Amino acid sequence: MTEHGSLVADKPAVITGNLTHRFQSPDGGVMDILQDVSFTVREREFFTVVGPSGCGKSTLLNVASGLLRPSSGEVRLVKNDRELEQQEIGYITQDSNLFPWLTAIQNVMAPLEIRGVPKRERVERATEWLSLVGLDGFEDHYPRQLSGGMQKRCSIARTLVYEPEVLLMDEPFGALDAITKSTLQKTVLELWEKRQTSVVFITHDLTEAIALSDRVAVMTGRPGRIRAIVDIDIERPRDVYNITDLPSFKSLRRELWQLLETELEAGLETGPDTGPDTGPKSELKSEEQ
Ligand SMILES: Nc1ncnc2c1ncn2[C@@H]1O[C@H](COP(=O)(O)OP(=O)(O)OP(=O)(O)O)[C@@H](O)[C@H]1O
């Protein structure tokens, strides 16, 4: 364990090397989205990526998850030098993507069924995970009978139930209200502290980035490159509800915001605001006050 209570190991878990990705633009030309992106996420590290809207953060996770092949460069997800199989990677996207025709417990059991886990164990593990995310008593509810925050909890349980070696999360709490968001941040942090999966997390919310992460990478505007990687030297376990009171939080937020601000001033659009005091614009406002 490090002096800050982190369990980050020195072994690599996600390696990106000169990763470049291009999309075809509507006029038939080519748009450079990611350019020479290189970083290494260590085993059991909580690594967050922030950057202006449209800089390629989701594209980065789509490439990392294997959904997209990069135009050039590499992304490798490994454990002890072994390439991970697709089923060892967890990917939580902005939408909950639950199967509407399945109940909460059936949704959580689905990935176990695909992996051939026997029925009895499926039920046990799904029940345990629904309980861990605070959904006891909602096992037989369909997604439409759950609130947005509960659907998100269910989708987190559905991914964590198969204990992925690497967890990719793309703005999982973006659309939620501030209270639900803080509660879920606490849940995810507690689960991560127990299981210590390697995480790559995308957010527009600098407070969330600092509260959760070991390191935060700041991307430039499109084409997205890594502008800087900032160490978040705040002791763990962390109190997500009161983290903004720490003097170190304030200086880290200022440092991250200054890095981002230059990109936004370069004429790039900011990300969608996700509520008061969450998005880059509101972070700027709070710095000015
Ligand atoms: N399948 C696609 N085909 C063509 N262009 C795409 C495709 N997917 C994404 N893009 C473009 O790539 C750019 C980066 O998109 P991406 O969703 O990765 O950005 P982002 O940083 O996650 O944005 P945001 O923060 O707003 O969610 C955008 O200009 C988008 O229009």
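Residues numbered from 1 in each chain as written. Predicted model: local features only at pLDDT ≥ 70, side-chain atom pairs only at ≥ 80, totals over all residues. Heavy atoms only, no water.

Let's shift gears to the site of the ligand. Contacts to the ligand come from 14 residues, most closely from S53, G54, K57, S58 and T59. The separation between an oxygen atom of the ligand and a polar main-chain atom of C55 is 3.1 Å. A distance of 3.0 Å separates an oxygen atom of the ligand from a polar side-chain atom of H204. When isolated, the ligand has an accessible area of 640 Å², and the protein chains bury 64% of it. Of all elements in the fold, only strand 1 (12–24) and helix 1 (57–64) reach the threshold of two or more residues within the shell around the ligand. It is helix 1 that contributes the most residues to the shell around the ligand, three residues altogether. (Near = heavy atom within 4 Å. Polar contact = N/O pair within 3.5 Å; in protein donor to acceptor, adjacent residues only side chain to side chain. Areas by Shrake-Rupley, 256 points an atom, 1.4 Å probe, with all protein chains shown as cover. Helix = DSSP H or I, 4+ residues; strand = E, 2+ residues; numbered from the N terminus.)

The next subject is the sheet that holds strand 1. Strand order across the open sheet formed by four strands is 2-1-4-5, with antiparallel pairing between neighbours. Both outer strands of the open sheet, strand 2 (30–42) and strand 5 (82–83), are each paired with one neighbouring strand and no more. Of the pairings in the sheet, the one linking strand 1 to strand 2 comprises nine bridges and is antiparallel in character. Residue pairing in the sheet places I15 in a bridge with T40 of strand 2. (Pairing = 2+ DSSP bridges.)

Further remarks concern the packing of aromatic side chains. Counted under the stated rule, the structure contains five aromatic pairs. Pairing F46 with W192 gives two aromatic rings, centres 5.5 Å apart and planes at 80°, and the pair type is edge-to-face. Separated by 146 residues along the polypeptide, F46 in strand 3 (residues 46–50) and W192 in helix 5 (residues 178–195) bring together distant segments of the chain. Across the pair, W192 and F46 agree in class, each one buried. With 5.3 Å between their ring centres and 35° between their planes, F99 and W101 make a pair best called tilted. (Phe/Tyr/Trp six-rings, centres within 6.5 Å; stacked < 30°, edge-to-face > 60°. Buried < 20%, exposed > 50% of the residue type's maximum accessible area, 1.4 Å probe, protein only.)

Attention now moves to the side chain of T20. Within the secondary structure layout, T20 lies in strand 1. A residue is classified by how much of its surface remains accessible, and T20, at 7% relative accessible area, is buried. Apart from the residues lying within four places of it in its own chain, the contact partners of T20 are L34, Q35, D36, P70, S71 and S72. (Contact = heavy atoms within 4.5 Å.)

Running from amino to carboxyl end, helix 4 (residues 148–160) crosses helix 5 at an angle of 15°, the nearest separation of the two axes being 11 Å. If you check the angle between helix 4 and helix 5, you find them roughly parallel. Where helix 4 crosses over helix 5, the handedness of that crossing is right-handed. On the side of helix 4, the interface is formed by G149, K152, R153, I156 and L160, while helix 5 contributes T180, T183, L184, T187, V188 and L191. Its residues assigned to classes, the contact of helix 4 with helix 5 shows five nonpolar, four polar and two charged. (Axes fitted to C-alpha atoms, helices over the stretch in contact; angles between N-to-C directions. Parallel < 35°, antiparallel > 145°, perpendicular 65-115°, else oblique. Left-handed = near helix turned anticlockwise from the far one by under 90°. Nonpolar A, V, L, I, M, F, W, Y, C, P; charged D, E, K, R; others polar.)

This part takes up the side chain of T159. Tracing the backbone through its elements, the reader meets T159 in helix 4. The residues touching T159, leaving out its near neighbours within four places in the chain, are G90, Y91, I92, P164 and L167.

In terms of backbone geometry, most residues other than glycine have negative phi values and most peptide bonds are trans. Here the amide bond leading from R222 into P223 is cis, since omega sits at -5°, within 30 degrees of zero. Looking at the element boundaries, P223 is found in the loop between strand 9 (215–219) and strand 10 (226–231). Cis geometry is found at the peptide bond from R236 to P237, where omega equals -5°. Among the secondary structure elements, P237 is positioned in the loop between strand 10 and helix 7 (247–265). Positive phi is not limited to glycine here, since D81 has a value of about 70°. Structurally, D81 is set in the loop between strand 4 (72–79) and strand 5. Positive phi values are uncommon outside glycine, yet E163 reaches one of about 50°. Note that E163 resides in the loop between helix 4 and strand 7 (166–170).

Turning our attention to the nonpolar core. Formed by 54 residues in total, the largest nonpolar core has its most connected members in L130 and I156. In this structure I156 touches I92, V133, F173, L184 and V188, once residues within four positions along its chain are discounted. Counting residues in each nonpolar core, the second largest holds 25 residues, with L19, L84, A217 and M219 among its members. (Core = buried A, V, L, I, M, F, W, Y, C linked by side-chain atoms within 4.5 Å.)

What follows concerns helix 2 (residues 104–114). The buried fraction of helix 2 is high, at eight of 11 residues. Of the surrounding secondary structure, the elements contacted by the buried residues of helix 2 are helix 3 (119–132) and helix 4. Immediately downstream of helix 2, the backbone of G116 shows phi near 75°, a positive value.

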